[in-house]
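Below, each chain spelled out in residue letters.
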Amino acid sequence: ATINRRKEDIDSPFKCWYNAMLPPKLVDNAVKFFNLRLDGSTHAKRKTTRGEVVRFFSMMGAICLSPGVPLDKCWQQTRGPKDCYPPLAMGQFGMGKNRFELFRQLAGKMYALNAADIDISNDWRFSEMPVEVFNEHMTEVVSPSWNMGADESMSWTDIPEMSERKEPDRIPHASFVPRKPKPRGAELE
């Protein structure tokens, strides 16, 4: 595969993340959607900026690289007696745990506030914009080679009203795989 960016724009991990992997349109849309829900009434609910949203997505990426660390421990400053690695100490990067958690919740709400603007017949209505923006960006940035293949993933869900059913519904690519630890979810290939 080839990354369609100038070499100097991707010569460090952060530059590669910022200039190639993080879709600018996703950041701009996140600022717009987050600010629709942040009313500015308190310091905690202050409006956000593009830089703060880039920081949030960057921290999400960093946390993903430490899958064994529970989210609530990512801001821990000192090493615990049973810890194999030093703490992530995410607070040193300019975003507190509460603000990060608020943004994490808002990231799942990047859709219209007005119920009339939401197409209830579209199963992808709550995740369509980030997926479309990401796919559009990756089509521009990455030129696959002849040996690049797709991977498969199972994203589990535990929707309460589905607990009695064997066949999940109302989610795209719904699957039920009994051998999986979390058998209900969306299988993506």
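Everything below is about the structure printed above this text.
For the structure given in this document, a descriptive report is provided here.

What counts and how
Residues numbered from 1 in each chain as written. Predicted model: local features only at pLDDT ≥ 70, side-chain atom pairs only at ≥ 80, totals over all residues. Heavy atoms only, no water. Salt bridge = Lys/Arg side-chain N within 4 Å of Asp/Glu carboxyl O. Helix = DSSP H or I, 4+ residues; strand = E, 2+ residues; numbered from the N terminus. Buried < 20%, exposed > 50% of the residue type's maximum accessible area, 1.4 Å probe, protein only. Core = buried A, V, L, I, M, F, W, Y, C linked by side-chain atoms within 4.5 Å. Contact = heavy atoms within 4.5 Å. Axes fitted to C-alpha atoms, helices over the stretch in contact; angles between N-to-C directions. Parallel < 35°, antiparallel > 145°, perpendicular 65-115°, else oblique. Left-handed = near helix turned anticlockwise from the far one by under 90°. Nonpolar A, V, L, I, M, F, W, Y, C, P; charged D, E, K, R; others polar. Expected span 1.5 Å × (residues − 1). Arc of directions from axis to C-beta.

**Quick word on the pattern of salt bridges**
For step 1, the next point in the chain: Scanning the model with the defined rule gives nine salt bridges in all.
For step 2, the next point in the chain: Between Arg5 and Glu140 there is a salt bridge, and its shortest N-O distance comes to 3.2 Å. Highlighted residues: Arg5 in the loop between strand E1 (2–3) and helix H1 (13–21) and Glu140 in helix H5 (residues 128–141), separated in sequence by 135 residues.
For step 3, the next point in the chain: Here Glu52 and Arg46 are joined by a salt bridge, their closest N and O atoms 3.8 Å apart.
For step 4, the next point in the chain: Residue Glu52 is classed as buried on the basis of its relative accessible area, which comes to 12%.
For step 5, the next point in the chain: Looking at Arg46, the relative accessible area reads 29%, which means it is partly exposed.
For step 6, the next point in the chain: Salt bridges here are not isolated pairs; linked through shared partners, they connect Arg6, Glu8 and Asp9.

**Notes on the nonpolar core**
General note: in soluble globular proteins, nonpolar side chains tend to be found buried as a group.
For step 1, the next point in the chain: Counting 24 residues, the largest nonpolar core has Phe34, Val53, Phe57, Trp75, Phe100, Phe103 and Met110 as its most contacted members.
For step 2, the next point in the chain: Where this core is concerned, the elements lending two or more residues are helix H2 (24–37), helix H3 (50–64), helix H4 (97–107) and H5.
For step 3, the next point in the chain: The residues touching Phe100, leaving out its near neighbours within four places in the chain, are Phe56, Met59, Met60, Ile63, Leu71, Trp75 and Met95.

**Here's the deal with the packing of H2 against H5**
For step 1, the next point in the chain: Following both chains from N to C, one finds H2 and H5 inclined at 160°, their axes separated by 8 Å at the closest point. Judged by the angle between their axes, H2 and H5 are roughly antiparallel. Considering the relative orientation of H2 and H5, their crossing is right-handed. In contact with Pro24, Lys25, Leu26, Asn29 and Phe33 of H2, H5 contributes Met129, Pro130, Val133, Glu136 and His137.
For step 2, the next point in the chain: Of the residues that constitute the contact of H2 with H5, the class distribution is six nonpolar, two polar and two charged.

**Comments concerning H5**
For step 1, the next point in the chain: Given a rise of 1.5 Å per residue, 14 residues ought to cover 20 Å, and the 20 Å separating the end C-alpha atoms of H5 matches this to within 8%.
For step 2, the next point in the chain: Along H5, the residues classified as buried are Met129, Val133, His137, Met138 and Val141. Angularly, the buried residues of H5 cover 150° about the axis, an arc narrow enough to put them on a single face.
For step 3, the next point in the chain: Along its buried surface, H5 packs onto E1, H1, H2 and strand E2 (142–143).

**Notes on the packing of H1 against H3**
Think of two packed helices as two axes; the pair is described by the angle between the axes and how far apart they sit.
For step 1, the next point in the chain: Running from amino to carboxyl end, H1 crosses H3 at an angle of 115°, the nearest separation of the two axes being 12 Å. Between H1 and H3 lies a crossing whose hand is right-handed. Side by side, H1 and H3 meet where Phe14, Trp17 and Tyr18 of the first sit next to Arg50, Val54, Phe57 and Ser58 of the second.
For step 2, the next point in the chain: Here the residues of the contact of H1 with H3 sort into five nonpolar, one polar and one charged.

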